[in-house]
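Residue-level structural notes
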Amino acid sequence: MSQTPYKPNSHGRLALKLGAVALGAFGFGFALVPLYDVMCAVTGFGNKANLTRAAKIAEHPDDSRTVTVEFLGDLPTVGSWEFRPAVRSIQVHPGRLYEAKFVARNLTGRDTYGQAVPDVAPSKAASFFHKTECFCFTPQHFASGEERAMPVRFIVDPALPRYMDHITLAYTFYDTQAPAAQR
Amino acid sequence: MANSGHAAHEGHDDHHGAPKSFWQRWVVTTNHKDIGTLYLIFAGVMFFVGGLMALVIRAELFQPGLQFVDPMFFNSMTTMHALAMIFGAVMPAWVGLANWMIPLQVGAPDMALPRMNNFSFWIMPFAFTLLLSTLFTGSGAPAGGWTLYPPLSLQGGDSFPMAIFAIHMMGASSIMGAINVIVTIMNMRAPGMTLLRMPLFCWTWLITAYLLILVMPVLAGAVTMLLTDHFFGTSFFSAAGGGDPVMYQHIFWFFGHPEVYILILPAFGVVSEIIPAFSRKPLFGYESMVYASASIGFLSFIVWAHHMFTVGMPLAGQLFFMLTTMLIAVPTGVKVFNWSATMWKGSLSFEPPMLFAVAFLFLFTIGGFSGLMLSIVPADFQYQDSYFVVAHFHYVLVPGAIFAIMAGIYYWLPKWSGHMYNMSLAKWHFWLSTIFVNVLFFPQHFLGLAGMPRRIPDYSVQFADWNMVSSIGAFGFGLSQLLMPYLVWQCVRGGAAAKAKAWEGARGLEWEVPSPAPYHTWETAPDEATIIHASPTGH
């Protein structure tokens, strides 16, 4: 017992520092959320901003070219909603503004909101597909039993690579009950 | 059995022994040896609980068709087996070994923060009572896999918040345990015990502890986000609110990959002590072992997305994660080389700890090689979520981490109990375990390559034969494990007295105190000559 080779007081300080590192790591877990969006924006892979915000673009029609745009409507669960595109596909000329409609019916038996989440395939086409107006930009209120057609207006960029002649616009329609916070 | 170690240095006093009352000895204790014992007993209990769940799985898979359990309960078993084994068996076993051995090995009288040590242990039984009690909720135990991917995990009913709180508690316990290890190693080494004179078990645990405090909080954050998504209307992972379920996978695996090194790095440390002891040579390449461990720790942070190649990722991302993953094979290869080089021209003897360490060396390397196969992106698209993956991670975890824990227990048991154990029974335990673990897991490689998916209670008849072989291996392995608690109990009750240096080739300060290790050790720090004499490199 003659010597104490260590200074007990310094234990608390080091432990506190390490505790602070652990707290920082907890915060870092949450910081990964915005970092993830930054990575998506930088790589352009699954770029949410491009999919869920209105594009400002003028018409520069290129009538020499025709592209098929297909529409898909998906539901995450069965039985509480109906959701489908009004037409399965249309032929479009790049640079021209078109409108398509999706029809939803609320079968939940109560007033609620639906939120459509868009996706474009092939993913390389996403940055050439501009929506100027879309029902997917905001939650849509539906009374119990209500059925409604909702519009999306879009322009396919004339810069779309030549080898792409087929684009799919798909929506998944979620019941959100209350309007979710928009990010 | 050669035990001709020279007389121990007994220059420290054992002036007061263990408290007499059970409450003081085993409940409110702050003694690192008692807490280490408590952790090891807890880990042993959870090993058998998790093992029982594995046997339910293998019983159901013995033949195609549904025989014993319904599919939902089967899914609960795969989920709970993983949680019990990872967080309940392997991690607490390592903390228990750290508690027992690190103060002895660095010449410290106890862990630096003894009360926190007691607290971090006692959280664990409560966390697992909470987790296991989900088996009795109306919705059943969590059944969405131990990775808790949303949206499936959010559908777990009552068990979902209970499992998340249990994970929070385990996380808090691990972080406290890790802080304790770092403070002990940084502040309490005896004078003259420089970092590069420390045994490798201390080194690998130091790196593990840093990994723990950096990633356990990230897991806590991820499961907290699940909780707020489900109960408080946030949309971190809910596509309807603008979130992304794939982001959960990124956050989870940012924790999950370092976690696998948390499970295996201490194993590297234990094996790095046992192989030199029974080769009667100093460890080959001590410093390169330290640097290799540190590089593995660093690389573990930048490879997580190899767990999710198939969810969609830019080509550059796939290449990055594939190449960094392959890079880990370099420091791991350094280690395997060093262990083999230590045995090269050594004077080998095969006592039970050495048997388990050598089996570790071979079988962990098999798991490492199948890991390399999985790191190749186009191959991974084929192997993803198949039994090949199950075979891979069980090879690195069972004959990897768990064999190393058993090797450690057989190595240090004479020091803890003061008795030598029944060598022939331990060898029986080793041979039965090693044969059956291969019967159990090797055929799963074939099943996976043939296309059998993981986490299913029923399968196509073409997979029947190898599943039956694998299930026979599982029951053989499970039953063989019953030998170990019996053997430990027998050894604690009595047996031939162990010398201070129970194994003639062993190095380290723990062999400089008597066996059994007195209740208080190194109250007077060892002198530098003793430290140098005991150091892994001898200088």
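This text follows the structure it describes.
Worth saying up front: this structure is predicted, and the values here are computed from it rather than measured.

1. So, the overall build of chain B
Along its length, chain B carries 16 helices and zero strands. On C-alpha atoms alone, chain B measures out to a radius of gyration of 23 Å, which is about the 24 Å that the 2.2 N^0.38 rule sets for 539 residues. Viewed in the frame of its principal axes, chain B has a C-alpha envelope of about 70 × 50 × 45 Å. Within chain B, contacts between residues at least 6 apart in sequence are counted, and of these 83% link residues at least 24 apart. One way to put it: in chain B the 19 positive side-chain charges average out to a point 10 Å from where the 24 negative ones average out.

2. Quick notes on the overall build of chain A
From N to C terminus, chain A includes two helices and nine strands. Helices and strands appear in chain A in the N-to-C order α-α-β-β-β-β-β-β-β-β-β. Here the analysis covers contacts within chain A between residues at least 6 apart in sequence; of these, 76% occur between residues at least 24 apart. Roughly 9,900 Å² of accessible area belongs to chain A as shown, and the carbon and sulfur atoms make up 57% of that amount.

3. Some remarks on the interface of chain A and chain B
With 30 residues of chain A in contact, the opposing surface of chain B contributes 39 residues. Of the roughly 3,000 Å² buried between chain A and chain B, counting both surfaces, carbon and sulfur atoms make up 73%. Linking chain A to chain B there are zero salt bridges. At the surface where chain A touches chain B, the tally comes to three residue pairs in polar contact (both at pLDDT 80 or more). Counting residues per element, the ones that place at least two in the side of chain A that touches chain B are helix H1 (8–43) and strand S5 (112–121) of chain A. Of the residues forming the side of chain A that touches chain B, the biggest block, 17 residues, is contributed by H1 of chain A. The class makeup of the residues in the side of chain A that touches chain B is 20 nonpolar, eight polar and two charged.

4. Describing the pairing of strand S9 (residues 166–175) of chain A
All names here are of chain A. Pairing analysis gives seven bridges linking strand S1 (residues 67–74) to S9, with the strands arranged parallel. Following the sheet pairing, Phe71 is matched in S9 by Leu169. Of the pairings in the sheet, the one linking S5 to S9 comprises eight bridges and is antiparallel in character. Its bridge partner lying in S9, Gln115 is registered against Tyr174.

5. A closer look at the sheet that holds S5 of chain A
Residues and elements named next belong to chain A. Taken in spatial order, the five strands make up an open sheet running S3-S1-S9-S5-S7, and their pairing is mixed. Where the open sheet ends on each side, the last strands, each with one partner, are strand S3 (89–92) and strand S7 (140–142). This sheet shows a mean twist of 30° between the axes of neighbouring strands, independent of strand direction.

6. Details of the sheet that holds strand S2 (residues 81–85) of chain A
Residue and element names in this part refer to chain A. Reading across the sheet, the four strands line up as S2-S4-S8-S6 and stay open at both edges, with antiparallel pairing between neighbours. For this open sheet the edge positions go to S2 and strand S6 (129–134), each flanked by a neighbour on one side alone. Strand-to-strand, the axes of this sheet are offset by a mean angle of 25°, without reference to chain direction. In the sheet, strand S4 (residues 97–106) pairs with strand S8 (residues 147–156) via nine bridges, with the strands oriented antiparallel. Its bridge partner lying in S8, Leu97 is registered against Ile155.

7. Side note on the packing of helix H8 (residues 286–299) of chain B against helix H9 (residues 315–343) of chain B
Residue and element names in this part refer to chain B. It is at 9 Å that the axes of H8 and H9 come closest, and there the two elements cross at 155°. When the axes of H8 and H9 are compared, the pair comes out roughly antiparallel. By crossing handedness, the relation of H8 to H9 is classed as left-handed. Contact residues: H8 offers Ser288, Met289, Ala292, Ser293, Ser295, Ile296 and Leu299, while H9 offers Leu327, Ile328, Pro331, Thr332, Val334, Lys335, Asn338 and Trp339. When its residues are assigned to classes, the contact of H8 with H9 shows nine nonpolar, five polar and one charged.

8. With respect to the side chain of Ser471 of chain B
Residues and elements named next belong to chain B. Tracing the chain through its elements places Ser471 in helix H14 (residues 464–480). Residue class for Ser471 comes out buried when judged on its relative accessible area of 1%. There is a polar contact of 2.7 Å between the side chain of Ser471 and the backbone oxygen of Arg58. When sequence neighbours within four positions are dropped, the list of residues in contact with Ser471 reads Arg58, Leu61 and Phe62.

9. Thoughts on the packing of aromatic side chains
Tallied over the full model, the rule gives 58 aromatic pairs over all chains. Look at Phe252 of chain B and Phe255 of chain B: their rings are 5.6 Å apart centre to centre, the planes differ by 75°, and that puts the pair in the edge-to-face class. With a gap of three residues between them, Phe252 of chain B and Phe255 of chain B both fall in helix H7 (residues 245–279), about one helical turn apart. Across the pair, Phe255 of chain B and Phe252 of chain B agree in class, each one buried. Ring pairs connect the aromatic residues Phe201, Phe278, Phe356, Phe403, Tyr410, Tyr411, Trp412, Tyr421, Phe430, Trp431, Trp503 and Trp511 of chain B, which therefore count as one cluster. For the cation-ring pair, Arg148 of chain A lies above Phe142 of chain A, with the distance from its terminal atom to the ring centre recorded as 4.3 Å.

10. Observations concerning helix H2 (residues 32–60) of chain B
With 29 residues, H2 of chain B extends 42 Å from end C-alpha to end C-alpha; this agrees with the ideal 42 Å at 1.5 Å per step. Where H2 of chain B starts, the residue carrying a side-chain oxygen 2.7 Å from the main-chain nitrogen of Lys33 of chain B turns out to be Asn31 of chain B.

11. What about H8 of chain B?
All names here are of chain B. Over its 14 residues, H8 extends 20 Å from the first C-alpha to the last, a length consistent with the 20 Å expected when each residue adds 1.5 Å. Here H8 has its buried residues at Tyr286, Met289, Val290, Ala292, Ser293, Ile296, Gly297 and Leu299. In this fold, the buried residues of H8 make contact with helix H6 (200–231), H7 and H9.

12. Re the state of the cysteines
All names here are of chain A. By the definition in use, this model includes one disulfide over all chains. Residue pairing for Cys134: its cysteine sulfur links by disulfide to Cys136, the two sulfurs lying 2.4 Å apart. Its torsion about the S-S bond being 130°, the disulfide of Cys134 and Cys136 is classed as right-handed.

13. What to know about the environment of Met198 of chain B
Relative to the elements of secondary structure, Met198 of chain B occurs in the loop between helix H5 (159–187) and H6. Every residue in contact with Met198 of chain B, bar those within four places of it in the chain, is listed here: Val106, Ile185, Arg189, Met193, Trp203, Tyr286 and Pro536 of chain B.

What counts, and where the lines are drawn
- Residues numbered from 1 in each chain as written.
- Chains lettered and ligands numbered in written order.
- Predicted model: local features only at pLDDT ≥ 70, side-chain atom pairs only at ≥ 80, totals over all residues.
- Heavy atoms only, no water.
- Helix = DSSP H or I, 4+ residues; strand = E, 2+ residues; numbered from the N terminus.
- Rg over C-alpha atoms; globule rule 2.2 N^0.38 Å.
- Contact = heavy atoms within 4.5 Å.
- Lys, Arg positive; Asp, Glu negative; His and termini not counted.
- Charge placed at Lys NZ, Arg CZ, Asp CG, Glu CD.
- Areas by Shrake-Rupley, 256 points an atom, 1.4 Å probe, with all protein chains shown as cover.
- Buried area = accessible area lost by both parts, 1.4 Å probe.
- Salt bridge = Lys/Arg side-chain N within 4 Å of Asp/Glu carboxyl O.
- Polar contact = N/O pair within 3.5 Å; in protein donor to acceptor, adjacent residues only side chain to side chain.
- Nonpolar A, V, L, I, M, F, W, Y, C, P; charged D, E, K, R; others polar.
- Pairing = 2+ DSSP bridges.
- Axes fitted to C-alpha atoms, helices over the stretch in contact; angles between N-to-C directions.
- Parallel < 35°, antiparallel > 145°, perpendicular 65-115°, else oblique.
- Left-handed = near helix turned anticlockwise from the far one by under 90°.
- Buried < 20%, exposed > 50% of the residue type's maximum accessible area, 1.4 Å probe, protein only.
- Phe/Tyr/Trp six-rings, centres within 6.5 Å; stacked < 30°, edge-to-face > 60°.
- Lys NZ or Arg CZ within 6 Å of the ring centre and 35° of its normal.
- Expected span 1.5 Å × (residues − 1).
- Disulfide = S-S within 2.5 Å.

Note that all results are geometric; they support no functional claim without further evidence.
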